Amino acid sequence: FFFRDLFWTMVVHKRHRRASHMALLACFAVAIGRGATSSSTRVTALSFATISSGSKVAWRYATATSPSSATTGCAPTAGAPAFFGRRHFRSSSSCAASITSLQQSAVATEDLEKTMDVTHPAFEVVAKDVVSEYGAYTTLYKHKKSGAELLSVASDDDNKVFGITFRTPPSDSTGVPHILEHSVLCGSRKYKTKDPFVQLLQGSLQTFLNAFTYPDRTCYVVASQNEKDFYNLVNVYADAVFHPRAISDPMVHAQEGWHLELEDKEEPLTYKGVVYNEMKGVYSSPDSLLGRESQRCLFPDNTYSVDSGGDPTVIPELSFEDFANFHAKFYHPANSRIYFSGDDDVAKRLEIMDDYLSEFGPSPESKPESEIVWQKKTITEPKWEKHAYPSGADQPETHMLNVNWLLNDRPFTPLEDLTVSILDHLLTG
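Predicted model only: the values in this text are computed from it and were never measured.

### Quick look at the packing of aromatic side chains
Both the distance between ring centres and the angle between the ring planes are used here to describe each pair of aromatic rings.
Then step 1. One pass over the structure, following the stated rule, counts 16 aromatic pairs.
Then step 2. Between Phe162 and Phe340 the ring centres are 5.0 Å apart and the planes differ by 55 degrees, which places this aromatic pair in the tilted class. You can see Phe162 sitting in strand β4 (residues 160-167) and its partner Phe340 sitting in strand β9 (residues 336-342), a full 178 residues away along the chain.
Then step 3. Take Phe162: its relative accessible area is 0%, and that puts it in the buried class.

Right under this line is the structure:
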C-alpha cells in the first residue's frame, strides 16, 4: 500500500506538470487575445490553447502568435510582448510550420467534438460539456438497465485512464471497505489467478495501477498508453469489482483481513492478515491517531466517526458473512461512477462496459442506502479531549495538539467554498 502511494505521487507529479503547461498556454492565449486588434485572432489563439497537447511545435506557435488577421499569423503586432516576435519569427519556414500545426490542431478539434455525438443503444446521454482549459470533450452517460453512470472524456492525451468508484460508507471500524478493496483484486470469475494485481504490475504496460479506500468511497484506477494493454486492464478491473472470487472463498477474507496463526505450540495464537498488519502500523503513528480522533469527535453521528481502514482491535470482529454482504450492498453498478479519459475510441468504452453492466438489473435502493447524512452542529461550546498514543521508553515526553472547527452542516456555495479555501491557505500555507 505504501509503495503504491509512492507510485501515485510520482504519477500525480507528472500529470500536474502537464496541467501546468496547459494552464500556461491558456494564459498566453488570453494575453494574446487582449492585445490583438482582430477578433478572429483572439479566437484562433484561445482555441489553439485548448487543444494543445504540449508538443514543441504547438508550444512555439502558442507563445509566438499575436498577429492581426492582416498579417496572416506570421508577424507580431505592436501590442504584443516583445519577446514573442524577437524570439520565434526568424524565417518563413517557421511561419509555415505554425500554420501547419494550427491546421492539424483544427482537425483534431473536429474529431474530438464528434466524440460527444457517440451513442450506444444500452446508454442514454445525460449531459455534454467541454473543458476548454484541458481540451477535454465530455459526455455523461447512464446505463439504461443497471443505472450506472459513466463519464467519458475524450482528449488528445495518449495516456488512457479508467476508473470506477463505489460509495462505501462503513457503519463500524472493522475495516470492511479496506479489506474488500484488497480482496477484489485477488482473482475473479474470468481471471482466476490468485493475485492478478501483482501480475499486472510486473507484466503489463500500465502507467498507473492502484486502488484506494477513503472514509466514504472506494476507487479502482488503471492507466496505460498502449490501447490493447489498456482494454485488458479495464476488463481485469471490471471483472474484479463485479465478480470477485473473494465473496465465495472465505480464504481470501482470512488472508487479506484477519486470521489466527500459531508459530510455536508453546506460544499463544496471534492475529495476522494483510490489512490487519497494515493498520497496526498506521495505529502506531501518532499523526495518524491524532487525525483519527479529530475526525471522530467532529463527526459523531455519521460514517466519519468510524475508521474505514480498520481499527486493529475491531478488525477481528468482521465475519465472512458481513464481508460478503457489504459487497452485495455497495458494489452494484447503480452505486458506482465510471470514468474514462484519453484518446481511445468512445464507442469501444461503452461496448466494453455494457458487457459487464448488462448482467445487472435496476437497483433503486443502492444510492439511498449509501447516502451520508450531514453532521449537525451539536457542539455549542469548546470541547476538550485527551488521548494517549504509543511511544518508546527512550523517547522524550512529547505532546501533540489539534484544534478543529465544524464549519458547515450543508453544502457550501461556490463562493463559500472559495472563501474557505483561501482562508485555509492563509492560515496553514
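### Examining the packing of helix α6 (residues 176-183) against helix α12 (residues 320-330)
Then step 1. At a minimum axis separation of 10 Å, α6 and α12 run at an interaxial angle of 80 degrees. It follows that α6 is roughly perpendicular to α12 by the angle criterion. Along the contact surface, α6 presents Val176, Pro177, Ile179, Leu180 and Ser183, while α12 presents Phe323, Phe326 and His327.
Then step 2. Counted by class, the contact of α6 with α12 contains 6 nonpolar, 2 polar and no charged residues.

### Here's the deal with the layout of surface pockets
Then step 1. Space inside the largest pocket adds up to approximately 1100 Å³.
Then step 2. If you go around the largest pocket, you meet 31 residues; those closest to its centre are Trp384, Glu385, Leu401, Asn402 and Asn404.

### Digging into the sheet that holds strand β6 (residues 217-224)
Then step 1. In spatial order, the strands read β1-β2-β3-β9-β4-β6-β5; together these 7 strands make up an open sheet with mixed pairing. In the strand order of this sheet, the two ends are held by β1 (123-131) and β5 (206-213), each with one partner. The average angle at which neighbouring strand axes cross in this sheet is 10 degrees, direction not considered.
Then step 2. One ladder, built from 8 bridges, connects β1 with strand β2 (residues 136-143); its direction is antiparallel.

### Examining the side chain of His120
Then step 1. In this fold, His120 is placed in the loop between α5 (92-115) and β1.
Then step 2. A polar side-chain atom of His120 sits 3.0 Å from the main-chain amide nitrogen of Ala122.
Then step 3. Discounting chain neighbours no more than four positions away, the residues touching His120 are Leu350, Glu351 and Asp354.

### Topic: the environment of His253
Then step 1. With respect to the helices, strands and loops of the structure, His253 is situated in helix α9 (residues 250-256).
Then step 2. On the basis of relative accessibility, which here comes to 6%, the residue His253 falls in the buried class.
Then step 3. As for His253 and Phe320, which are separated by 67 residues in sequence, their C-alpha atoms are 6.6 Å apart.
Then step 4. Sequence-distant contacts of His253, defined by excluding residues within four places in its chain, comprise Trp258, Leu318, Ser319, Phe320 and Phe323.

### Quick look at the pattern of salt bridges
Then step 1. Taken as a whole and assessed by the stated rule, the structure comprises 14 salt bridges.
Then step 2. We note a salt bridge from Lys272 to Glu261, for which the minimum N-O separation is 3.6 Å. With Lys272 in strand β8 (residues 270-272) and Glu261 in strand β7 (residues 259-261), this residue pair connects regions lying 11 residues apart in the sequence.
Then step 3. A relative accessible area of 22% means that Lys272 is categorised as partly exposed.
Then step 4. Lys272 serves as the salt-bridge partner of Glu263, at 2.8 Å between the closest nitrogen and oxygen.
Then step 5. Among the residues examined, Glu263 registers a relative accessible area of 66% and is labelled exposed.
Then step 6. A single network of salt bridges, built from pairs that share partners, joins Glu293, Arg296, Lys383 and Glu385.

The rules we used
- Residues numbered from 1 in each chain as written.
- Predicted model: local features only at pLDDT ≥ 70, side-chain atom pairs only at ≥ 80, totals over all residues.
- Heavy atoms only, no water.
- Phe/Tyr/Trp six-rings, centres within 6.5 Å; stacked < 30°, edge-to-face > 60°.
- Helix = DSSP H or I, 4+ residues; strand = E, 2+ residues; numbered from the N terminus.
- Buried < 20%, exposed > 50% of the residue type's maximum accessible area, 1.4 Å probe, protein only.
- Axes fitted to C-alpha atoms, helices over the stretch in contact; angles between N-to-C directions.
- Parallel < 35°, antiparallel > 145°, perpendicular 65-115°, else oblique.
- Contact = heavy atoms within 4.5 Å.
- Nonpolar A, V, L, I, M, F, W, Y, C, P; charged D, E, K, R; others polar.
- 1 Å grid on protein atoms, 1.4 Å probe; cavity = no way out; pocket = protein on both sides within 12 Å on 5 of 7 lines; lining within 4 Å.
- Points joined across faces, edges and corners; volume = space filled by probe spheres on them.
- Pairing = 2+ DSSP bridges.
- Polar contact = N/O pair within 3.5 Å; in protein donor to acceptor, adjacent residues only side chain to side chain.
- Salt bridge = Lys/Arg side-chain N within 4 Å of Asp/Glu carboxyl O.

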